[in-house]
Amino acid sequence: MEFATKTIHAGQPSEPETGSLIAPIFQTSTYEQDAPGVNRGFDYSRTNNPTRARLEAVLAELEGVPHAAVYASGLAAENAILQAYLTPGDEIVIPLDVYGGTYRILNTVFRPLGCVIRQVDLARPGALESALSARTKLVWIESPTNPRLLVYDIAAISAAAHTAGALLVVDNTFATPLFQQPFRLGADIVVHSVTKYLAGHSDVIQGAVLARDAAVFEPIKFLQNATGAVPSPFDCWLTLRGLKTLELRMQRHADNADAVARALDGHPLVRRVYYPGLPQHPGHDVARRQMTGFGGMVSFELDGTVDEVVSFVSSRRFFALGESLGGVKALVCHPARMTHASIPAEERTKLGLSDTLVRLSPGCEHHRDLVADLLDGLTAIDQARSLNVTVAV
Ligand SMILES: Cc1ncc(COP(=O)(O)O)c(C=O)c1O
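Predicted model, so just to flag it, every value in this text is computed and none were measured.

## Considering the packing of aromatic side chains
And then number 1: Here the structure, examined in full by the defined rule, presents 3 aromatic pairs.
And then number 2: Judged by centre distance (6.3 Å) and plane angle (70 degrees), the rings of Tyr-275 and Phe-294 are edge-to-face. Within this pair, whereas Tyr-275 is found in the loop between strand 8 (270-274) and helix 11 (284-290), its partner Phe-294 is found in the loop between helix 11 and strand 9 (298-302), the two being separated by 19 residues in sequence.
And then number 3: Judged by relative accessible area, which is 2%, Tyr-275 ranks as buried.
And then number 4: Aromatic pair Phe-300 and Phe-312: ring centres 5.8 Å apart, planes at 85 degrees, arrangement edge-to-face. Residue Phe-300 is found in strand 9, and its partner Phe-312 is found in helix 12 (residues 306-314); the two are separated by 12 residues along the sequence.

The following block contains the structure:
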């Protein structure tokens, strides 16, 4: 079955009782039992729910593995992996560029418990190998990363992690299973902020964990019920609906990102564009090798002041200023003050996260409107400079 067909048909037969083409939302907390302890596969909706089970089946198909569990948010999904695999004294290796919430949960929740977080520049040859030890349980990467769209060689990192006896976790949120299949590249666990492209309409908060190996999956799945961070049946249904257009949406997001990146690249007010589809992007060749598309995100550094960035991101016509990404409606974000504000300023500098970095999530609008909106914003900065006035926020 091809990818687009899976998003519509996998695990989603018409409802057997009525023929309802789209399965109903099983909005129930519990299930009538035939006899004490005898049920029809469902006993309580924290433990399992038919709408959730359908969603998990589709996600597993899309990533090409047998096991999936969904959680109330991407961070709840991350927490389940970390809680399952890190005990005091254990080590985890993460790259410099990592989602701010991942950095926060590791440093404020797991470090105080005695876990050791080694943050290294995975693009530097030998850096990963020297960070690994007999106590390394997990190597955790995003690729492409949030927010600089760095690309890591998943197969090479997986080989190094496995040599040290560690598991490789890949956050596949930015790429989606359409553009990147981490299990084929050696990942042991894949995590998603379903909130983003998978649900796709900026109306759901949800996460997912996937695994090929039952033994790897079991402790993570156990925590879904044991700690209870499960999504509602309605939210699962919304994601099932969103997934049906995943391929169509991703193609449009990717086309729009490409148009935006090319319009910004070389603009006099743009110091640098981060987009793996540009040939000068340091991860371009790896991206071509391990992805089937460059994704829908673009970041750029404004050659200007933080005030100018604030003005730019606050006054776009089609790019709403907001956290998150991956929805049909375009979003713009200032990571230093928003998604990555939880990383202290001096750490951000060390990590190469400029305060004039702007992150764009082009939606499914027409690319001409999106590009014009961005170029208008840059022209406004230019005009304000030549008039020597402060740009209005
Ligand atoms: C790459 C990445 N991973 C994980 C998360 C966390 O997901 P959620 O916001 O659904 O908890 C985010 C959120 O922005 C993200 O961008």
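So much for the structure itself; the text now carries on.
## So, the sheet that holds strand 11 (residues 331-333)
And then number 1: An order of 8-9-12-11-10 is seen for the 5 strands of this open sheet, with the pairing classed as mixed. Here the strands that pair on one side only, and so sit at the sheet edges, are strand 8 and strand 10 (320-321).
And then number 2: In the sheet, strand 8 pairs with strand 9 via 4 bridges, with the strands oriented antiparallel. Pairing of Val-270 across the sheet is with Leu-302, part of strand 9.
And then number 3: Strand contacts of helix 10 (residues 246-264): strand 8, strand 9 and strand 12 (357-361), with the helix running at about 20 degrees to strand 9, the strand carrying the most contacts.

## Some details on the site of the ligand
And then number 1: For the ligand, the set of nearby residues contains 13 residues, the closest of which are Leu-75, Asp-171, Ser-193, Thr-195 and Lys-196.
And then number 2: Note that a nitrogen atom of the ligand is positioned 2.6 Å from one of the side-chain N or O atoms of Asp-171.
And then number 3: Contact distances for the ligand include 2.9 Å between an oxygen atom and a side-chain N or O atom of Ser-193.
And then number 4: In isolation the ligand exposes 390 Å². Once the protein is present, 91% of that is buried.
And then number 5: Across the shell around the ligand, the residue classes break down as 3 nonpolar, 7 polar and 3 charged.

## Quick word on the packing of helix 2 (residues 50-63) against helix 9 (residues 233-243)
And then number 1: Axis separation between helix 2 and helix 9 bottoms out at 8 Å; the angle between their running directions is 35 degrees. Seen along the crossing, helix 2 lies across helix 9 with a hand that is left-handed. Counted together, Thr-51, Arg-52, Arg-54, Leu-55, Val-58, Leu-59 and Leu-62 of helix 2 and Pro-233, Cys-236, Trp-237, Thr-239, Leu-240 and Leu-243 of helix 9 form the full contact between these two elements.
And then number 2: The class makeup of the residues in the contact of helix 2 with helix 9 is 9 nonpolar, 2 polar and 2 charged.

## What about unusual backbone geometry?
And then number 1: The peptide bond linking Ser-143 to Pro-144 adopts the cis configuration, its omega dihedral lying at -5 degrees.
And then number 2: Its place among the elements puts Pro-144 in the loop between strand 4 (136-142) and helix 6 (154-163).
And then number 3: Following Asn-146, the chain continues to Pro-147 via a peptide bond in cis, the omega torsion being 10 degrees.
And then number 4: Tracing the backbone shows Pro-147 in the loop between strand 4 and helix 6.
And then number 5: Unusually for a residue other than glycine, Leu-149 sits at a positive phi of about 55 degrees.

About the thresholds
- Throughout, a residue's number is its position along its own chain's written sequence, starting from 1.
- Whole-chain, interface and lining totals are the exception, using all residues; otherwise, since this is a predicted model, local features are given only for residues with pLDDT of at least 70 and side-chain atom pairs are given and counted only at 80 or more.
- The side-chain quantities take in all heavy atoms of the structure and omit both hydrogens and water.
- Working definition: rings of Phe, Tyr and Trp (its six-membered ring) pair if their centres are within 6.5 Å, and the pair is stacked with planes under 30 degrees apart, edge-to-face with planes over 60 apart, and tilted otherwise.
- Secondary structure elements follow DSSP: runs of H or I of four or more residues count as helices, runs of E of two or more count as strands, with numbering from the N terminus.
- Whether a residue is buried, partly exposed or exposed follows from its accessible area with a 1.4 Å probe, protein chains only, as a fraction of its type maximum: under 20%, in between, or over 50%, in that order.
- By this definition, two strands are paired if DSSP reports at least two bridges between them.
- By definition in these notes, contact holds between two residues if any of their heavy atoms fall within 4.5 Å.
- Angles shown run from 0 to 180 degrees and are taken between the N-to-C directions of axes, each axis being a line fitted to C-alpha atoms and, for helices, limited to the stretch in contact.
- Definition of nearness: a residue and a molecule or strand are near each other if at least one heavy atom of the residue lies within 4 Å of the molecule or strand.
- Two N or O atoms form a polar contact when they lie within 3.5 Å of each other; inside protein one atom must be a possible hydrogen donor and the other a possible acceptor, and for residues adjacent in sequence the pair counts only when both atoms belong to side chains.
- Areas reported as accessible are Shrake-Rupley estimates using a 1.4 Å probe. Residue values count occlusion only from the protein chains shown.
- Put simply, Ala, Val, Leu, Ile, Met, Phe, Trp, Tyr, Cys and Pro go in the nonpolar bin, Asp, Glu, Lys and Arg in the charged bin, and everything else, Gly too, in the polar bin.
- Whether a crossing is left-handed or right-handed is set by the direction in which the near helix is turned from the far one by less than a right angle, anticlockwise for left-handed and clockwise for right-handed.

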